[in-house]
Amino acid sequence: MAGASVIAAVTNALAGREFPFVFGGDGASFAVSHEDLARAREALAATAIWVKEDLGLAMRVALVPVAAVRAQGF
């Protein structure tokens, strides 16, 4: 539930616009445009707080620019 909640949070933050994502069972990865970065950041932070306060779990969240991924050869 906690891992999937970030997908729902970002979907809500982006007003239902579609974006690519992968759900791995215990977490998710997705891509958002630069224009949606602030909304995605807020959704991730709010979700991490909710998971900690309501579920008692630590959720790691991160934003990684595509340029950084490409620089690593991926």
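As shown above, the structure is provided for reference.
About the cut-offs
- In every chain, residue numbers begin from 1 and rise along the written sequence.
- In keeping with the model being predicted, local features are shown solely for residues with a pLDDT of at least 70 and side-chain atom pairs are shown and tallied solely at 80 or more, while totals for entire chains, interfaces and linings include all residues.
- The basis for every side-chain value is the complete set of heavy atoms in the structure, and neither hydrogens nor water enter the calculation.
- In this text, helices come from DSSP runs of H or I with a minimum length of four residues, and strands from runs of E with a minimum of two, each type numbered from the N-terminal end.
- Based on C-alpha atoms, the radius of gyration is set beside the globule rule, defined as 2.2 Å times the residue count to the power 0.38.
- Burial classification: accessible surface area is computed with a 1.4 Å probe over protein chains only, and a residue below 20% of its type maximum counts as buried, one above 50% as exposed, and the rest as partly exposed.
- Contacts between residues were defined by any pair of non-hydrogen atoms, one from each residue, lying within 4.5 Å.
- Residues are said to line a cavity or pocket when one of their atoms sits within 4 Å of a point; the points come from a 1 Å grid over protein atoms alone, cavities being sets where a 1.4 Å probe fits but cannot get out and pockets being open sets with protein on both sides within 12 Å along at least five of seven lines.
- Grid points are joined across faces, edges and corners, and a volume is the space filled by probe spheres set on the points.
- For this scheme, ten residues count as nonpolar: Ala, Val, Leu, Ile, Met, Phe, Trp, Tyr, Cys and Pro. Four count as charged, namely Asp, Glu, Lys and Arg, and the remainder, Gly too, count as polar.

Colleague: Tell me about the overall build of the protein chain, and name the residues and values.
Modeller: Within the protein chain, the regular secondary structure consists of three helices and two strands. Compactness check: the protein chain gives a C-alpha radius of gyration of 12 Å against a globular reference of 11 Å for 74 residues, within 12% of the reference. Taking the principal axes of the C-alpha coordinates as reference, the protein chain spans close to 35 × 25 × 20 Å. Looking at the protein chain as a whole, 22% of its 74 residues are labelled buried. Of the contacts formed within the protein chain by residues at least 6 apart in sequence, a portion of 41% connects residues at least 24 apart.

Colleague: Explain the layout of surface pockets to me, and be specific about the residues and the numbers.
Modeller: The computed volume of the largest pocket comes to approximately 850 Å³. In terms of lining, the largest pocket is formed by 27 residues, of which the most central are A28, S29, F30, L44 and A62. Of all the secondary-structure elements, those providing two or more residues to the lining of the largest pocket are α1 (2-13), β2 (28-30), α2 (37-55) and α3 (66-71). Per element, the largest residue contribution to the lining of the largest pocket is four residues, and it comes from α2. Split into classes, the residues belonging to the lining of the largest pocket amount to 20 nonpolar, five polar and two charged.

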